[in-house]
Amino acid sequence: MLSTFEFAIHPYPGAGLVDLLILWAITYVVLMAIYFGLGLVFDGLNRQHPERRIQSRPQKNQIAMEMRTSVIALVSISFYVSFGLFAQAKGWTMAPLELSWWSGPLMLAISLMLYDTWFYWGHRLMHTKMFYRWHSHHHRSIVPSPWANNSDTQVGAFVEQFYWVVLPFILPIPPEIIIAHKIFDQVTGIAGHAGHEYFAAPSNRSPFPLLCTTFHDQHHGHFNYNYANTFSWWDRVMGTIHPKYDEVVERFEQMPPPTVPPRRSADGQKTGGLSPGE
C-alpha cells in the first residue's frame, strides 16, 4: 500500500472517487499548514519590525475576516490542485516527463511563466466592471496582512487558481513539479501580502523581472497597478506597473537588514517615521 506521502505525489491509475477525496483532504491540510504556519511567522516579524511597514495608513479590523474567507477559499483551491494531480495519474492528461535534472527545472520555469500570464490576465478580468463584484472582497484589505493571501470569493479563486486543473493538460509536467510550484505559490503569496518589506533587492526592480512584497502591496493600496503574480514583465509591457515601484524598492534596499533590531527612542518605543513605501 502506498504511504500517504507517496499517494499525494503519485495517485495510482486505478484510483477512484474515494482516493480523490483523500488527495483533496491531504492537499487542503498542507495548504492550511503553510497558511497558518507562515502567517504566524510574518505576523511575529511584523510586530518586531514596524519600520519595514510599506503603507503608513492603519489596517482595518480585518484579520478575522481574512482568515474566515481564506479557510473557505482554500477548500476549492486545494480541489483544483488535487484534481489536476488525480487527472494526470488517471492518464487523462498529457503524459508527464520523468523527473530529472533537466525536466524538473525546465517544467518549473515554463509553469512559472504560464501561471504568471494566466494570473495577470485573469486578475485584470476580475478588475473589469462585470467581474469586480466577485473580487472586491479581496480588496477590502487595502493594507494587506499575511492572512489576506487566500481571502477571496469562490469566483475569484476559480479565475486565478483553476490553472492547476488545466496545467497537466497543456504541459507534460512531472507531478512533483506541480506540487513544488503550488507550494512556492502559496509561500510567495503569503509573503506578498505581508504588508512589510523584507525582500527588497536589485533583482526585484528594473531591469530584472522578479518581485518583492512592495509589488502586490501597491496593487492593494492603489488598485489599478501591479496585476502580475511572479514577474513584472506583463505589467511593464502593458503599462500597468506602478510608476514608483522601482523607486520604493530601492528605498527599502537602503534600510538596515530586518535582522538588525529597530531603533528605539529615549522612552524605549520603536521608531519608524514615514514608511519608505509612501
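Residues numbered from 1 in each chain as written. Predicted model: local features only at pLDDT ≥ 70, side-chain atom pairs only at ≥ 80, totals over all residues. Heavy atoms only, no water.

**Side note on the nonpolar core**
Here is step 1 of the chain: Judged by nonpolar contacts, the single largest core of 18 residues is most densely connected at Trp164, Leu167, Ile173 and Ile178.
Here is step 2 of the chain: Going through the elements one at a time, helix H2 (17–48), helix H3 (63–89), helix H4 (103–126), helix H6 (163–170) and helix H7 (175–192) are the ones with two or more residues in this core.
Here is step 3 of the chain: Look past the residues within four positions of Leu167 in its chain and what remains in contact with it is Ser111, Ile173 and Ile178.
Here is step 4 of the chain: In terms of nonpolar packing, the next biggest core, distinct from the first, is built from 14 residues, Leu211, Tyr245, Val249 and Met255 among them. (Core = buried A, V, L, I, M, F, W, Y, C linked by side-chain atoms within 4.5 Å. Buried < 20%, exposed > 50% of the residue type's maximum accessible area, 1.4 Å probe, protein only. Helix = DSSP H or I, 4+ residues; strand = E, 2+ residues; numbered from the N terminus. Contact = heavy atoms within 4.5 Å.)

**Considerations on H3**
Here is step 1 of the chain: A rise of 1.5 Å per residue sets the reference length of H3, with its 27 residues, at 39 Å; its end C-alpha atoms lie 38 Å apart and thus fit the reference within 8%.
Here is step 2 of the chain: Leu74 marks the point of greatest bend in H3, at about 25°.
Here is step 3 of the chain: Following H3 by one or two positions, Gly91 has its phi on the positive side, about 85°. (Expected span 1.5 Å × (residues − 1). Bend = angle between axes of the 7 residues up to and from the residue.)

**Observations regarding the pattern of salt bridges**
Here is step 1 of the chain: Evaluation of the coordinates by the stated rule reveals five salt bridges.
Here is step 2 of the chain: For Asp185, the salt bridge is made with Lys182, and the minimal N-O distance between the two is 2.8 Å. Placement of both Asp185 and Lys182 in helix H7 is noted, with a separation of three residues, approximately one turn of the helix.
Here is step 3 of the chain: For Asp185, a relative accessible area of 7% gives the class buried.
Here is step 4 of the chain: On the accessibility criterion, Lys182 (3% relative accessible area) is buried.
Here is step 5 of the chain: Ionic pairing is found between Glu247 and Arg251, a salt bridge with its closest N-O pair at 2.9 Å. Here Glu247 pairs with Arg251, and both are found in helix H10 (residues 245–253), just four residues apart, close to one helical turn.
Here is step 6 of the chain: Using a relative accessible area of 40% as the deciding quantity, one classes Glu247 as partly exposed. (Salt bridge = Lys/Arg side-chain N within 4 Å of Asp/Glu carboxyl O.)

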